[in-house]
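What follows is each chain in one-letter form.
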Amino acid sequence: MSKQTKVEWTGTPLPAGHPLWKTYPSGVFPGATFNPWIGCEPTSPGCKNCYAWALAKRAPQLVYGKPLGPLHGLPVWGAAAPRRVTSRAYWQEPLAWNKEACASGVRKKVFCASLADVFEDFDGPLHGEERDWLVPGKTNMNDVRRALWALIDDTPYLDWLILTKRADRIAKVAPSLWLPFIATGRGGAWPRNVWIGTTCESQQYARWRLPDLLALPAPVRFVSYEPALEEVDFGVWLSGYYKCPCCGAARDSTSDDGNAYCSQCENDEPLPRHRVDWLSVGGESGDGARPFDLRWARRVAAACSAAEATVFVKQMGARPYDSTLAWKMLGAHEPSTEQHALGLASVTKKGGDISKWPKELRVRKWPPVDLPKDHPARTRERGGACG
């Protein structure tokens, strides 16, 4: 929950010649994590070895706000556990990051939330310091979310990366002003500094979650294919479709000028494309990690390249193997994952040493995002002062 995070995909590439290169010689300005509260309920197979769950078991004070003995008997995770809203001082940190990002001219990415799910349906007890919007015993999760939306609105120089396993709840829970007319009956605009993503650990969960994600008018829709538990074909979602924000009509092809237009209503503007813009892939780390086939990563990277989408290979995980290599070695049937594990994870527990990876998987890219000229984050470009 610190100002800087080791989550690699929250970085921001630095412009050539920027003064921050002296501090960050890798050329990547690190991002941050922000947790409006702590606690979550496991919802799919990808949650089996959740690092946040394991952390709460080791340190129950994360959830309860005070040390507890090993035999306290209170739940620390899941539906029966409380959610602890983080402190006043902690909620002030993004405002400071916003000023720093404005002053440096480099936007900062904020992963929200690494120890929770912003779109979780939770009506249990909340813990935390009392404040205007948090009164223990009275405040519900929607009150906390409204405070989060306000914080996001107050930090236009930060790109908020909200990752959820509950894609079906995004449109239900997000502010109505973020959603287009077709969904709300009123004009709306998704904030340009809010990237929205969902986890797809298997083909089944990709089919369930991605239609809800792609329906949103976010500037970046991203997928966390981590922990990758099987090969997933993302092709149809990488290609995407075009949808009219006025009447909801969809098209999957473009006109001669390369744009798609609505043929069902009077809207004559080019239609926005709804697709997966960015995909992060990685194997599972930590105790009990499940195997990760490098072939899955190769195929998804190739699919992204063919669809002109951006891919970020995060890590090999604790149990990587290469079924393609093993198959070539045996010259017969594809081997089982247990028989042909590689030593890629031996350097670090999560297989994060990129220098040890196959060269074709050393790919870490971020999607380019152009902000509208009237966006508040253009203030610095117009010579204005940082707020």
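For the structure itself, look to the data block above.
**Student:** How would you sum up the pairing of strand S9 (residues 194-199)? Please name residues and give values.
**Tutor:** Taking burial as the measure, the six residues of S9 include six buried ones, the bulk of the element. Burial of the side chains of S9 extends over both faces: Val194, Ile196 and Thr198 are buried on one face and Trp195, Gly197 and Thr199 on the other. Across five bridges, the pairing between strand S8 (residues 158-164) and S9 is parallel. Bridged to Leu161 within S9 is Trp195. Note: S9 against strand S10 (residues 221-225), four bridges, orientation parallel.

**Student:** Quick rundown of the environment of Ala113? Include the residues and the values.
**Tutor:** Looking at the secondary structure, you find Ala113 in the loop between strand S6 (108-112) and strand S7 (126-127). Remark: the alpha-carbon pair of Ala113 and Asn35, spanning 78 residues in sequence, is separated by 4.8 Å. With sequence-adjacent residues up to four places away left out, Ala113 is seen in contact with Phe34, Asn35, Pro36 and Val118.

**Student:** Could you give an account of the pattern of salt bridges, with specific residues and numbers?
**Tutor:** In this structure the tally under the stated criterion is 15 salt bridges. The closest approach of N and O atoms between Glu284 and Arg290, which form a salt bridge, is 2.8 Å. Relative accessible area serves as the criterion here: at 5%, Glu284 is assigned to the buried category. Salt bridges here are not isolated pairs; linked through shared partners, they connect Arg221, Arg275 and Asp277.

Rules behind the numbers
- Residues numbered from 1 in each chain as written.
- Predicted model: local features only at pLDDT ≥ 70, side-chain atom pairs only at ≥ 80, totals over all residues.
- Heavy atoms only, no water.
- Buried < 20%, exposed > 50% of the residue type's maximum accessible area, 1.4 Å probe, protein only.
- Helix = DSSP H or I, 4+ residues; strand = E, 2+ residues; numbered from the N terminus.
- Pairing = 2+ DSSP bridges.
- Contact = heavy atoms within 4.5 Å.
- Salt bridge = Lys/Arg side-chain N within 4 Å of Asp/Glu carboxyl O.

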